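In case you want the letters, here they are:
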There are 2 protein chains.
Amino acid sequence: MGKELLRLFQDRKDQVGDFQVVGAMRRNGLSSPIESPPKPRDLKEVLDSLLPDVLIDVSSPNYESGEPSTSAYLEAFKRGIHVITANKAPLALHFVDLMGESLKRNVKLMFQATVMSGVPSINLKRVLPASHFISVEGILNGTSNYILTKMYQGISLRDALRDAQELGYAEPDPKLDLNGFDAAAKITILSNVYLNSGATIKDVTFDGIQDLSLDYLLKCREKGLKPKLVATASRSELKVSVVPLDSSHPLYGIDGVNNGLLLRTDLEDILISGPGAGPRRAAYGVLSDLVLLKDSLPKFS
Amino acid sequence: MGKELLRLFQDRKDQVGDFQVVGAMRRNGLSSPIESPPKPRDLKEVLDSLLPDVLIDVSSPNYESGEPSTSAYLEAFKRGIHVITANKAPLALHFVDLMGESLKRNVKLMFQATVMSGVPSINLKRVLPASHFISVEGILNGTSNYILTKMYQGISLRDALRDAQELGYAEPDPKLDLNGFDAAAKITILSNVYLNSGATIKDVTFDGIQDLSLDYLLKCREKGLKPKLVATASRSELKVSVVPLDSSHPLYGIDGVNNGLLLRTDLEDILISGPGAGPRRAAYGVLSDLVLLKDSLPKFS
């Protein structure tokens, strides 16, 4: 995803504007500073030597501790550095603390890419400034939805998973796509954004598609039902489970690698949907945040 | 709709913030200023005597000339007054001139409520700051979509229209819902917003549902097709017509009074949908603009 991001920044130079990539860091330390000081391996040293305006995190989620990302964000905040992340783990584990710390330091923590990639699931809230949200419901994992769509057409789970991997949709560990954990991380983030839940991923009851049989799918289809991996957050509930939807449900038509998010408000139900997987689309979510950050900071240089 | 707006402002006082209603004007002049000066009938006098920060237009569209709204906006801009409108006609006729004039005077012209009411069709663009839009496609008229949905279930156009009117969905003149004109006005506005088309409603080729027979609907249904009144804007095309959609089309599932907007970008197709009709929902679109306006003007008092 890092490579896709660099490519996209190059393609969209006009929108990226004043921003320049001043360094890229991997697990083993700083890998490409623009100038070449002695290669520091420690993030604090890297931040102090480069002093970027924004830290962008496209590393893989570590759901054990959220590290090293969580500490990296806190170090960035201390230095007045904004953070844009595509990594779900720090937010799924420490949402309230991280948001609180960024507010205290008067810097931004932006994370559109963590849910539905470039489809504005998180950022949509900015244009719904007067809504009272009652619940959010979503199909949030592209890989499992792709697999369910294929199984609904009569293809086995194993074959469908292989397709998804070849298309670059699956997480590094596809187990997290299949067992509902990835969707659980995403609904945790959404419940914090839309419902101020204060929840962490430990509060989510989740199940996945790993044990679904082709037979079950086809029986549902006979009854006019389409099983989907649905994540739900309300004041009383936070869960991920397979739900056989009937055709009147707004999420019924969300097929293939598409994701869908249904926001229920006191006035209306709003659905937003689009493809939610793939490194280039995730990179696009990061780019959106970067442009919004730029526009929110008139004196930014 | 004016009444719904006042009610909503009352309900959401916390979000409306510093704004207060200082006067309401009807065709026959100022009807409810907070204090009671001699009742002026002329808009310029009203603007000069009340000097509001924002002019809100919830009047019915006049597609002949866009008046008196168009002149009212220009007078407001001259005085540094922002405009929020739910009235499609001025924008469908004079989009480029009005936006140009508001930019010149450094005031805002906001119009979320003109398309899909409170569902962020226009304002969604704010959170897609790095997208390259290729085309937009939508089901934009709630009344005709409601009628088509009912006809698809075997109910006659006439009975379905009566239902829609009783539910408060239809325009004052339902002819404009049925013949595609209302959708044409909306796709004109969207094509300006997303494609910088510079178009006016005179550039739209439009047709409606007024002559569709129940027989045609039921024949389509037999073939697995669902006829919808689809508005389309691309670089080469601007039109409204009835299209029999197959179930793989993203707009296929948009039924009843719901509207749906499909934004095709170079990276992904994004669909947003929700109920697009009814005075309270339109009022909510106006309220959204008002809160966004407030937040965009940090020193606003």
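Positions within a chain are numbered from 1, following the residues in the order the chain's sequence is written. Written order determines the labels here, with chains lettered from A and ligands numbered from 1. Whole-chain, interface and lining totals are the exception, using all residues; otherwise, since this is a predicted model, local features are given only for residues with pLDDT of at least 70 and side-chain atom pairs are given and counted only at 80 or more. Computation of side-chain values covers all heavy atoms of the structure but excludes hydrogens and water.

Q: Just to check I follow, could you spell out the domain arrangement of chain A for this structure?
A: Buried accessible area, meaning the area lost when the parts come together, often serves as the stated size of an interface. Residue and element names in this part refer to chain A. By convention here, the domain bounds are inherited from an automatic or database domain assignment. Splitting chain A by domain gives domain 1 (2-122 + 279-300) and domain 2 (129-275). Computed over C-alpha atoms, the centres of domain 1 and domain 2 are 27 Å apart. Pairs of residues are marked as contacts when any of their non-hydrogen atoms sit within 4.5 Å. With 19 residues of domain 1 in contact, the opposing surface of domain 2 contributes 28 residues. The term buried area means the drop in 1.4 Å probe accessible area that two parts suffer when joined, counted for both and summed. Summed over both partners, the interface of domain 1 with domain 2 comes to about 1,800 Å²; 73% of that surface belongs to carbon and sulfur atoms. Every case where a carboxyl oxygen of Asp or Glu lies within 4 Å of a side-chain nitrogen of Lys or Arg is listed as a salt bridge. Linking K88 and D182 is a salt bridge whose minimum nitrogen-to-oxygen distance equals 3.2 Å. Pairing of N or O atoms within 3.5 Å defines a polar contact, subject to two protein rules: one partner must be a possible hydrogen donor and the other a possible acceptor, and residues neighboring in sequence count only if both atoms are side-chain atoms. On inspection of domain 1 and its partner domain 2, the count reaches three residue pairs in polar contact (both at pLDDT 80 or more). For helices the rule is a DSSP run of H or I covering at least 4 residues; for strands it is a run of E covering at least 2, with both sets numbered from the N terminus onward. Looking at the side of domain 1 that touches domain 2, the element that brings in the most residues is helix α5 (residues 88-104), giving six residues. Three categories are distinguished: nonpolar for Ala, Val, Leu, Ile, Met, Phe, Trp, Tyr, Cys and Pro, charged for Asp, Glu, Lys and Arg, and polar for the others, with Gly belonging to the last. Residue composition of the side of domain 1 that touches domain 2, by class: 14 nonpolar, three polar and two charged.

Q: What am I meant to see in the relation of the copies chain A and chain B here?
A: Think of it as a corkscrew move, a rotation about one axis and a shift along it, taking one chain copy to the other. Only residues with pLDDT of at least 70 in both copies count here: their C-alpha atoms drive the least-squares fit that superposes the copies. At an RMSD of 0.0 Å, chain A and chain B line up after a rotation of 180° and a shift of 0.0 Å along the axis. Classification of the inter-copy transformation places it as that of a two-fold axis. Taking C-alpha positions as the reference, the residue of chain A nearest the rotation axis is I272(A), at 2.2 Å. Both copies contact each other with a shared surface, as 100% of the interface residues of chain A are interface residues in chain B too.

Q: In this structure, what is going on with the pattern of salt bridges? I would like to understand it.
A: When the charged atoms of two side chains with opposite charge come close together, those side chains can pair. Taken as a whole and judged by the stated rule, the model has 38 salt bridges over all chains. A salt bridge links E75(B) to K44(B), with the shortest nitrogen-to-oxygen separation between them at 3.9 Å. Taken together, the positions of E75(B) in helix α4 (residues 69-78) and K44(B) in helix α3 (residues 43-50) put the pair 31 residues apart, joining distant regions of the chain. Only protein chains enter the accessibility calculation, which uses a 1.4 Å probe; a residue whose area is less than 20% of its type maximum is buried, one above 50% is exposed, and one in between is partly exposed. Residue classification places K44(B) among the partly exposed residues on the basis of a relative accessible area of 41%. Across the salt bridge formed by E75(B) and R79(B), the nearest N and O atoms sit 2.7 Å from each other. Linked through salt bridges whose partners overlap, the residues forming this network are K44(A), D48(A), E75(A), K78(A) and R79(A).

Q: I keep staring at the pairing of strand β11 (residues 269-275) of chain B and nothing clicks. Help me out?
A: In regular strands, side chains alternate between the two faces of the sheet. Buried residues dominate β11(B), accounting for six of its seven residues. When DSSP finds two or more bridges between two strands, those strands count as paired. With three bridges joining them, strand β11 (residues 269-275) of chain A and β11(B) adopt antiparallel strand pairing. Directly across from I272(A), in β11(B), lies its bridge partner I272(B). Of the strand pairs in this sheet, strand β10 (residues 258-265) of chain B and β11(B) are connected by seven bridges, and their pairing is antiparallel. Bridging across to β11(B), L261(B) finds its partner in I272(B). A loop of three residues connects β10(B) with β11(B), the two strands running antiparallel in sequence.

Q: Just checking my understanding: could you explain the sheet that holds strand β5 (residues 109-110) of chain B for this structure?
A: Hydrogen bonds along the backbone pair up the strands of a sheet, which may run parallel or antiparallel. Residue and element names in this part refer to chain B. The parallel open sheet is built from three strands, whose spatial order is β3-β4-β5. Each edge of the sheet is formed by a strand with only one pairing partner; in this case those strands are β3 (54-57) and β5. Examined bridge by bridge, strand β4 (residues 82-85) and β5 share two bridges and lie parallel to one another. Bridge assignment links V83 to a residue of β5, and that residue is L109. Lines fitted to C-alpha atoms define the axes, with helix axes restricted to the stretch in contact, and inter-axis angles between N-to-C directions lie between 0 and 180 degrees. Lying over the sheet, α4 contacts β3, β4 and β5, oriented at roughly 170° with respect to β3.

Q: What is the right way to read the side chain of R12(A) from this model?
A: Note that R12(A) resides in the loop between α1 (2-11) and α2 (13-16). Separated by 2.5 Å, the side chain of R12(A) and the backbone oxygen of A130(B) make a polar contact. Residues contacting R12(A), with those up to four places away along its chain left out, are Y284(A), L287(A), A130(B), S131(B), H132(B) and D266(B).

Q: Even after reading the chapter, I still don't get the packing of helix α5 (residues 88-104) of chain B against helix α9 (residues 181-195) of chain B, so can you show me in this structure?
A: Between two packed helices, both the angle of their axes relative to each other and the distance between the axes serve to describe the pair. Residue and element names in this part refer to chain B. Viewed as axis vectors pointing N to C, α5 and α9 meet at an angle of 45°, and their least axial separation amounts to 9 Å. Between α5 and α9, the angle is such that the two are oblique. The chirality of how α5 crosses α9 is left-handed. Each of K88, L91, A92, F95 and V96 in α5 lies in contact with α9, whose residues at this interface are D182, A185, K186, T188, I189, N192 and V193. Considering only residue class, the contact of α5 with α9 consists of seven nonpolar, two polar and three charged. Oblique is the label for every angle not falling under 35 degrees (roughly parallel), over 145 degrees (roughly antiparallel), or within 65 to 115 degrees (roughly perpendicular). Crossings are classed by handedness, with left-handed meaning an anticlockwise turn of the near helix from the far one by less than a right angle and right-handed meaning a clockwise turn.

Q: Please clarify how the interface of chain A and chain B should be interpreted in this entry.
A: With 31 residues of chain A at the interface, the matching set in chain B holds 31 residues. Summed over both partners, the interface of chain A with chain B comes to about 2,800 Å²; 60% of that surface belongs to carbon and sulfur atoms. Area buried by chain A at its contact with chain B is led by V127(A), L267(A) and Y284(A), which between them contribute 23% of it. Our count for the contact surface shared by chain A and chain B stands at two salt bridges. The residue D266(B) makes a salt bridge to R12(A) at a minimum N-O spacing of 2.1 Å. Between the two partners, chain A and chain B, sit eight residue pairs in polar contact (both at pLDDT 80 or more). Elements with a minimum of two residues in the side of chain A that touches chain B: β11 and α11 (279-296) of chain A. Tallied by class, the residues present in the side of chain A that touches chain B amount to 16 nonpolar, eight polar and seven charged.

Q: Any chance you could explain unusual backbone geometry here in plain terms?
A: Working note: non-glycine residues mostly have negative phi, and peptide bonds are mostly trans. Backbone torsion omega between E67(A) and P68(A) reads 5°, so that peptide bond is classified as cis. Relative to the elements of secondary structure, P68(A) occurs in the loop between β3 (54-57) and α4 (69-78). Despite not being glycine, S117(A) shows a phi value in the positive range, around 50°. According to the relative accessible area criterion, S117(A) is buried, its value standing at 4%. Backbone geometry places M116(B), a non-glycine residue, at a positive phi of 65°. By the secondary structure assignment, M116(B) is in the loop between β5 and β6 (133-139). A relative accessible area of 1% places M116(B) in the buried class.

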